[in-house]
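Chains, contacts and geometry: an overview
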Amino acid sequence: MKKTTFLNCDVSQAIEKQLNIKFENYEFSLDGWGDVDNYAIINENSYVFLECELGQKHPNTNVLKLYPYLEENQEISITLIHFFFSNSKPPKNRLKLCDFIAEKMKREFGDRFNYKKIIQK
């Protein structure tokens, strides 16, 4: 695993204070489906994942890559916090796709998947 960026650590620290959790400050490997920017271990099979969007024009892929990971790891629960920096400016249809796929995943996986989108002002 490689360390997460300093910018992502800044976002992580702000979230840590709000949720009383501790991020690892390393990327989390999704077993061939990509990596997550940062993660916190809640318990043995429960995680909070953080994806920070700065220049990504297809942020929906950062939601979608969790689908096969959850399907393959049925004991795991994930809360995804999807943070958008104010200057990231993803296309509106891509933001809508993030919500769409997250809602589909919530229906598919129930309590094993939660999604929170944060857009920096």
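Attention here is on the structure that accompanies the text. (Residues numbered from 1 in each chain as written. Predicted model: local features only at pLDDT ≥ 70, side-chain atom pairs only at ≥ 80, totals over all residues. Heavy atoms only, no water.)

Here we look at a negative patch on the surface
On the surface, a cluster of negative charge is made up of Asp-31, Glu-71, Glu-72 and Glu-108. Position of Asp-31 among the secondary structure elements: in the loop between β1 (28-29) and β2 (35-36). (Patch = residues over 30% accessible without salt bridge, like charges linked within 9 Å, V, L, I, M, F, W, Y side chains within 5 Å. Areas by Shrake-Rupley, 256 points an atom, 1.4 Å probe, with all protein chains shown as cover. Salt bridge = Lys/Arg side-chain N within 4 Å of Asp/Glu carboxyl O. Lys, Arg positive; Asp, Glu negative; His and termini not counted. Charge placed at Lys NZ, Arg CZ, Asp CG, Glu CD. Helix = DSSP H or I, 4+ residues; strand = E, 2+ residues; numbered from the N terminus.)

Here's the deal with the pattern of salt bridges
A side chain with one charge can pair with a side chain of the opposite charge if their charged atoms come near. Summed over all chains, the structure comprises 6 salt bridges. Here Glu-16 ties to Lys-22 by a salt bridge, and the two come within 3.6 Å at their closest N and O atoms. The exposure class of Glu-16 is buried, given its relative accessible area of 13%. A salt bridge links Arg-107 to Glu-103, with the nearest nitrogen and oxygen atoms 3.5 Å apart. Residue Arg-107 and its partner Glu-103 are both found in helix α4 (residues 92-109); the two are separated by 4 residues, about one turn of the helix. (Buried < 20%, exposed > 50% of the residue type's maximum accessible area, 1.4 Å probe, protein only.)

Any link to function would need more than the numbers given here.
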